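Letter by letter, the chains look like this.
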Amino acid sequence: FHALIDAAENLAPEAVMNESIREIENAVDEVRAELGKVLAQKHLAAKKMADESNRHEAIDANLQAAVAAGRDDLAEAGIAEQMDIEARLPVLENTIADCAAQEKELEGFIAALQAKKREMQQQLQDWRAAQQSTGAGKAAGGSDLNRIARDAEKSGNAFDRVMGRQNAVHRSTDAAQLAKLKELEDLSRNNRIAERLAALKAGK
């Protein structure tokens, strides 16, 4: 089987080498597409973070009005919303940071693939020059082809590793434990709302 493949490759080594280069180009296109998704996610997270910060500031004025009017129920709702915003902001910050790290990694991978493409193109040019100058050729072509194929395979493996990290599944937590944590979080949240409301009343 391998002998048949070698024979087929040696019949048209230049075509096979060109196909290897096209595979690298396709890999670059795929990584660029993934980079586009990361950049879009980063932009959306940054916009959401700005919107949340503005909303947090706007609620401050409403809280003062609610306390002045003796509407504790409205003040508590506003405080609860502010606390939700404060909880979301660090998540958005982490999302932006993660996207920035992925952006850097993907840009580096694109640069590496492009460098590999240039190297393979140079190898192809060298092979053509050797064919023209020596007239020898198919065995040497097969040797170059094997080296290029190995290089392309390494690039493909690196690409798979990056995609694997992008699609990694986060570990899950036991449902009962999650329920207890939620109950504890709600209790703490209600206490913080009461504390903030008391501080608002004391400061009016």
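What counts, and where the lines are drawn
- Just so you know, the residues in each chain are numbered from 1, in the order the chain's sequence is written.
- Side-chain atom pairs in this predicted model are given and counted only at pLDDT of 80 or more, local residue features only at pLDDT of at least 70, and totals for whole chains, interfaces and linings cover all residues.
- Water and hydrogen atoms were dropped before computing side-chain values, which therefore reflect all heavy atoms in the structure.
- Numbering of helices and strands starts at the N terminus; helices are DSSP runs of H or I of at least 4 residues and strands are runs of E of at least 2.
- The buried label applies to any residue whose accessible area, calculated with a 1.4 Å probe on protein chains only, is under 20% of its type's maximum; exposed applies above 50%, and partly exposed to all values in between.
- In this analysis, two residues are considered to be in contact whenever any of their non-hydrogen atoms come within 4.5 Å of each other.
- For the area figures, the Shrake-Rupley method with a 1.4 Å probe applies, and any residue is considered shielded solely by the protein chains shown.
- Helix span, expected: 1.5 Å multiplied by one less than the number of residues in the helix.
- As used in this record, nonpolar core signifies buried Ala, Val, Leu, Ile, Met, Phe, Trp, Tyr and Cys residues forming a set joined through side-chain atoms within 4.5 Å.
- Any Lys or Arg side-chain nitrogen found within 4 Å of a carboxyl oxygen on Asp or Glu counts as a salt bridge.
- One number per residue, pLDDT, summarises how confident the predictor is, and it ranges from 0 to 100.

Q: I tried to follow the overall build of the chain on my own but got confused; where do I start?
A: Helix and strand content of the chain: five helices and zero strands. Along its sequence from the N terminus, the chain presents helices and strands in the succession α-α-α-α-α. The proportion of buried residues among the 204 residues of the chain is 27%. Of the contacts made within the chain by residues no fewer than 6 positions apart, 86% connect residues no fewer than 24 positions apart. Counting only carbon and sulfur atoms, one obtains 54% of the accessible surface of the chain, whose full area is about 13200 Å².

Q: I keep staring at helix 2 (residues 13-68) and nothing clicks. Help me out?
A: In an α-helix, one turn spans 3.6 residues; hence positions three or four apart end up facing the same way. In this model helix 2 runs 84 Å from its N-terminal to its C-terminal C-alpha over 56 residues, within 8% of the 82 Å that 1.5 Å per residue would give. With its phi angle positive at about 75 degrees, Gly70 sits one or two positions after the end of helix 2.

Q: Hey, could you run me through the nonpolar core in this one?
A: The nonpolar side chains of soluble globular proteins are, as a tendency, buried together. If you look at the biggest cluster of nonpolar residues, it comprises 16 residues, and the most contacted ones within it are Val31, Leu106, Ile110, Leu113 and Leu124. Breaking this core down by element, the ones donating at least two residues are helix 2 and helix 3 (72-134). In this structure, Leu63, Ala75, Ile79 and Ile193 belong to the second largest nonpolar core, which totals 13 residues.

Q: Which parts of the structure should I look at to understand the environment of Asp29?
A: Looking at the secondary structure, you find Asp29 in helix 2. According to the relative accessible area criterion, Asp29 is partly exposed, its value standing at 44%. In the structure, Asp29 is positioned 81 residues away from Ile110 in sequence and 8.8 Å away in space, judged by C-alpha atoms.

Q: What exactly am I supposed to notice about the pattern of salt bridges here?
A: Charged atoms that come close allow side chains of opposite charge to pair. Throughout the structure, instances matching the rule amount to ten salt bridges. Ionic pairing is found between Arg71 and Asp73, a salt bridge with its closest N-O pair at 2.9 Å. Given the relative accessible area of 43%, Asp73 is considered partly exposed. What you see here is one network of salt bridges that share partners, running through Lys48, Glu52, Arg55, Glu81 and Arg88.

Q: Honestly, the environment of Gly36 in this entry has me stumped. Any pointers?
A: Inspection of the secondary structure assignment puts Gly36 in helix 2. Using a relative accessible area of 36% as the deciding quantity, one classes Gly36 as partly exposed. Remark: the alpha-carbon pair of Gly36 and Glu103, spanning 67 residues in sequence, is separated by 8.9 Å.

Q: Explanation requested: the confidence of the model for the chain in the structure shown.
A: Low-pLDDT stretches of the model should not have their predicted coordinates read in fine detail. The predicted model of the chain has a mean per-residue pLDDT of 77, with 67% of residues at 70 or higher. Confidence drops under a pLDDT of 50 for residues 136-141, and excluding neighbours within four residues, the segment shows nine contacts in the predicted structure. Contacts from residues 166-173, a stretch scored under 50 in pLDDT, to residues over four places away or in other chains number four contacts.

Q: Sorry if this is basic, but what is going on with the environment of Lys117 here?
A: Note on placement: Lys117 falls in helix 3. A relative accessible area of 22% places Lys117 in the partly exposed class. Sequence separation of Lys117 and Glu25 is 92 residues, and the distance between their C-alpha atoms is 7.4 Å. Setting aside residues up to four positions removed in sequence, Lys117 forms contacts with Ile21, Ile24 and Glu25.

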